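An overview of the molecular structure
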Amino acid sequence: MSTISDQVVALVAKYGGLMWGEHGKGFRSEYGPAFFGEELFEELRKVKAAFDPENRMNPGKICTPSDSNEELVKVSAVKRGTYDRQIPVVVRDSFRQAMECNGNGLCFNYDTSSPMCPSMKITYDRRHSPKGRAGIVREWLRLLAEQGIDPVVMEQTLRDKSPSVRTIMARFKNTWLVGKQEYDFSHEVMDAMNGCLACKACASQCPIKVDVPSFRSRFINLYYSRYQRPAKDYLVGNIENLLPLMSKAPTLVNTVTQSGLGKSLIKKAIGYIDSPALSKPTLNKSLSALPVSLFDLDTLSSLSDDERTEYVLIVQDPFTSFYDAELVADFIRLADKLGKKPVLLPFKPNGKAQHVKGFLREFAKTAGSTAAFLSQVAKLGIPMVGVDSALVLCYRDEYREVLGETATPFDVLTVQEWLSPLLPALPLRETRDADAWHLLAHCTEKTKLPGTEADWKAIFARFGVNMNVVSVGCCGMAGTYGHEADKLENSQGIYGLSWQPQLEKLPASRCMATGYSCRSQVKRFDDTHLLHPLQVLLKLHS
């Protein structure tokens, strides 16, 4: 490579050309003095010394600081590819979401209205960017390969077998020995992964589609096969199984979780803060007063194709069914107002929280069970709709990722996806509301479904109302991230980047948010209750 580069440089210089195009000048820096001349090159070094005297930014690229003995990088230097090739091909292919990062740096994004990587924006630490996390995971994979460890085989073992007593005891021992024994690079990787909100903006906003939440969950799964998990992870991972039981005694649960003493104990014992209160009355208690039927497969199967077009099936999720039951009730009422017959499906765990926390064995079981049920229901040909878009999108992304070829096709629609095809049949309404409504969309939703905001705007226009889209990034809640005590400062800081300033400029009574997490964050920091767009539509239709 050096010989070829030397000859190319000589040929380019002969005809008065330049050695650099748009990219790659860094590793050709050794030819800088020859092209710029010693005098001009020394001026470059003075500029470098003024802004980067310690040579921290791209060290050895373009030039080094004046009065420095640092050397320029060379074409013959060892590059990233040399290290990446030390990782077995099978592992590289399996972790392509990290391996394929080309270092373009689009994730170094400080635009507060952009959803791309909120952890990077709030920390100003490039380790907490998709590029930084991809790089640190590649190095982790390389170090595993050096030790003859195959993470893909390890994952399969963890998925197929329950941990033995011996393994569990080893975890406690290894956790106790952290900081007392030899250095483990995994702790640095964990620090980078722990700061990720798992919002998945990177998976669509990055031009290479670097998907940090995907390889993050895999790393966490393997990390906690060696070290003991914190208590809060077990709470989050099992919350969907606990909620149906907790909802049987909402007054008692809320008394414990919402009291000052209860909050203090939960924070100290588990590291969890600002637990949301369970809905009262619960969704189950409200059903008798709602125009809704409970799911009965035999009854629905007996309907003709024409009759089935009159129905809509509501897929429950843990956030709205147990913490925001009134929203589900309002969707039932809206569907009824639109001439549809809503049917409430039984609650089936979604598993999103398990995936986020790296409980991949448990998530695979949850996804397999729920997918089997929804696939059976899908054969009816009746639209299935979920109220919280973030969890609807889990069926399309994480489910397909973990189930792979065993996944049975089924579609769960978001509210706006279900409403949009119905618009032509709805009568056009004259504007009855002179003031506009303002929509703040969930970051995961608008990055995975770029047409989300336009869909809602069209829906509101059909209802005769003006709607403005408010440009915001992440709210900082991201499921359970904002409820973890060690994340509070960053969560509040992220909220202050775009959501809080925008809401301060707008009338709160005219603002809407599609995400349960977003509405919870606004309630927590601004003590303001935002409506979901469907609730506004219900009011307009009443």
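Scope of this entry: the structure provided in the associated data block. (Residues numbered from 1 in each chain as written. Predicted model: local features only at pLDDT ≥ 70, side-chain atom pairs only at ≥ 80, totals over all residues. Heavy atoms only, no water.)

**Here's the deal with the sheet that holds strand E3 (residues 341–344)**
Strand order in the open sheet formed by 4 strands is E1-E3-E2-E4, and the pairing between neighbours is parallel. The open sheet has two free edges, formed respectively by strand E1 (293–294) and strand E4 (384–386), since each of these has just one partner strand. Bridge count between strand E2 (residues 311–315) and E3: 4 bridges; the pairing is parallel. Counterpart to Tyr311 in the pairing with E3 is Lys341. (Pairing = 2+ DSSP bridges. Helix = DSSP H or I, 4+ residues; strand = E, 2+ residues; numbered from the N terminus.)

**Regarding the packing of aromatic side chains**
Tallying each qualifying case throughout the model produces 17 aromatic pairs. Between the aromatic rings of Tyr223 and Tyr227, the centroid separation amounts to 4.9 Å while the plane-to-plane angle is 35°, which identifies the pairing as tilted. One exposure class covers both Tyr223 and Tyr227, and it is buried. Taken together, a centroid distance of 5.5 Å and an interplanar angle of 80° make the contact between Phe331 and Trp418 edge-to-face. A residue pair is termed long-range when its members are at least 10 positions apart, and Phe331 in helix H21 (residues 325–337) and Trp418 in helix H26 (residues 415–419) qualify at 87 residues. Both residues of the pair, Phe331 and Trp418, belong to the buried class. Grouping aromatic residues by their ring pairs yields a cluster made of Phe95, Trp140, Phe219, Tyr223, Tyr224 and Tyr227. When the ring centre of Phe359 is taken as reference, the NZ or CZ atom of Arg229 above it lies at 3.7 Å. (Phe/Tyr/Trp six-rings, centres within 6.5 Å; stacked < 30°, edge-to-face > 60°. Buried < 20%, exposed > 50% of the residue type's maximum accessible area, 1.4 Å probe, protein only. Lys NZ or Arg CZ within 6 Å of the ring centre and 35° of its normal.)

**Brief notes about the side chain of Ser214**
Relative to the assigned elements, Ser214 resides in helix H13 (residues 212–223). Those residues in contact with Ser214, other than ones at most four positions away along the chain, are Gln97, Lys200 and Glu401. (Contact = heavy atoms within 4.5 Å.)

**Some remarks on a nonpolar patch on the surface**
Judged by side-chain polarity, Val165, Ile168, Met169 and Phe172 come together as a nonpolar surface patch covering roughly 400 Å² of accessible area. Among the secondary structure elements, Phe172 is positioned in helix H10 (residues 165–176). (Patch = residues over 30% accessible without salt bridge, like charges linked within 9 Å, V, L, I, M, F, W, Y side chains within 5 Å. Areas by Shrake-Rupley, 256 points an atom, 1.4 Å probe, with all protein chains shown as cover. Salt bridge = Lys/Arg side-chain N within 4 Å of Asp/Glu carboxyl O.)

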